[in-house]
Amino acid sequence: MKITAKISKVLEIDNCNDNDLLKALYVAEFWEEINPSKKMEAKFTAPNVLYTKIYDEVDLIKIPIEMEGELILSDKGHDPGKGHLIEFNVRNNKDIRELEGRIRIKPLSPNKSKVGVFVEIFTMSSDVLRSIAGVSELVLQNKISEMLRNIEKYCKAKDLKDFL
């Protein structure tokens, strides 16, 4: 099932320095901290390749999900007026055939950033997940929203420099 509808979530986060967040994106423990799944194991197998193993459940219909694969982060640099751009895609994942998008981090002040996650392409390859096609886009939207809220919660209570 291929989802072509654009998914975008943007959040302004206080106590969040854009440079610290950018560096934290390349630390596996950061991803484990902000992940909205029941359990996640993460490690960087290369400077920009995040290998993850995720255990979760689709809350709406109580289907257990185990996924594993690599998230490739491609730093495209800073664009004045727009912020820092990181493109991402998934590879070596038996359940997700395609997932492409971008993360944009824009400084609003030294301690406040606007963070956006934009998904362009999302294609499921798992038969189970394809069977719940209408739910999978909603699940992805909710997971992205939860990740951004988890970053916000972390920044309220702790410092991103803890990951650096």
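It should be noted that the structure appears before, not after, this text.
To keep things clear, this report deals only with the structure shown in the data block. (Residues numbered from 1 in each chain as written. Predicted model: local features only at pLDDT ≥ 70, side-chain atom pairs only at ≥ 80, totals over all residues. Heavy atoms only, no water.)

Remarks on the side chain of arginine 104
Point 1. On the secondary structure map, arginine 104 appears in strand β7 (residues 96–109).
Point 2. Buried within the structure, arginine 104 lacks any salt-bridge partner; its nearest side chain of opposite charge belongs to aspartate 79, at an N-O separation of 4.5 Å.
Point 3. Engagement of the side chain of arginine 104 in a polar contact is seen with the backbone oxygen of glycine 83, the distance being 3.4 Å.
Point 4. Once residues within four sequence positions are removed from consideration, arginine 104 is found in contact with Asp79, Lys82, Gly83, His84, Leu85, Lys114, Val115, Gly116 and Phe118. (Helix = DSSP H or I, 4+ residues; strand = E, 2+ residues; numbered from the N terminus. Buried < 20%, exposed > 50% of the residue type's maximum accessible area, 1.4 Å probe, protein only. Lys, Arg positive; Asp, Glu negative; His and termini not counted. Salt bridge = Lys/Arg side-chain N within 4 Å of Asp/Glu carboxyl O. Polar contact = N/O pair within 3.5 Å; in protein donor to acceptor, adjacent residues only side chain to side chain. Contact = heavy atoms within 4.5 Å.)

Brief notes about unusual backbone geometry
Point 1. Unusually for a residue other than glycine, asparagine 15 sits at a positive phi of about 55°.
Point 2. Locating asparagine 15 in the fold gives a position in the loop between β2 (7–14) and α1 (18–24).
Point 3. The partly exposed category is assigned to asparagine 15, whose relative accessible area is 46%.
Point 4. With a phi angle near 55°, asparagine 92 is a residue other than glycine that sits in the positive phi range.

Re the pairing of strand β6 (residues 83–91)
Where a strand is regular, its side chains alternate between the two sheet faces.
Point 1. Looking at chain direction, strand β5 (residues 63–79) and β6 are connected through nine bridges and run antiparallel. Looking across to β6, one finds that leucine 73 is bridged to phenylalanine 88.
Point 2. The hairpin formed by β5 and β6 contains three residues between the paired strands, and glycine 81 there has a positive phi angle of roughly 90°.
Point 3. Alignment of β6 against β7, held across six bridges, turns out to be antiparallel. Bridge pairing links leucine 85 to arginine 104 in β7.
Point 4. Adjacent in sequence and paired antiparallel, β6 and β7 are bridged by four residues, among which asparagine 92 carries a positive phi angle near 55°. (Pairing = 2+ DSSP bridges.)

Topic: the pattern of salt bridges
Point 1. Counted under the stated rule, the structure contains nine salt bridges.
Point 2. With a shortest N-O distance of 3.5 Å, lysine 112 and glutamate 12 are connected by a salt bridge. With lysine 112 in strand β8 (residues 112–124) and glutamate 12 in strand β2, the pair connects residues that are 100 residues apart, well separated along the chain.
Point 3. Residue glutamate 12 is classed as partly exposed on the basis of its relative accessible area, which comes to 39%.
Point 4. A salt bridge links lysine 39 to glutamate 41; its shortest N-O distance comes to 3.6 Å.
Point 5. Residue classification places lysine 39 among the partly exposed positions, given a relative accessible area of 45%.
Point 6. With relative accessibility at 34%, the residue glutamate 41 sits in the partly exposed group.
Point 7. Three or more residues joined by partner-sharing salt bridges are found here, namely Glu12, Asp14 and Lys112.

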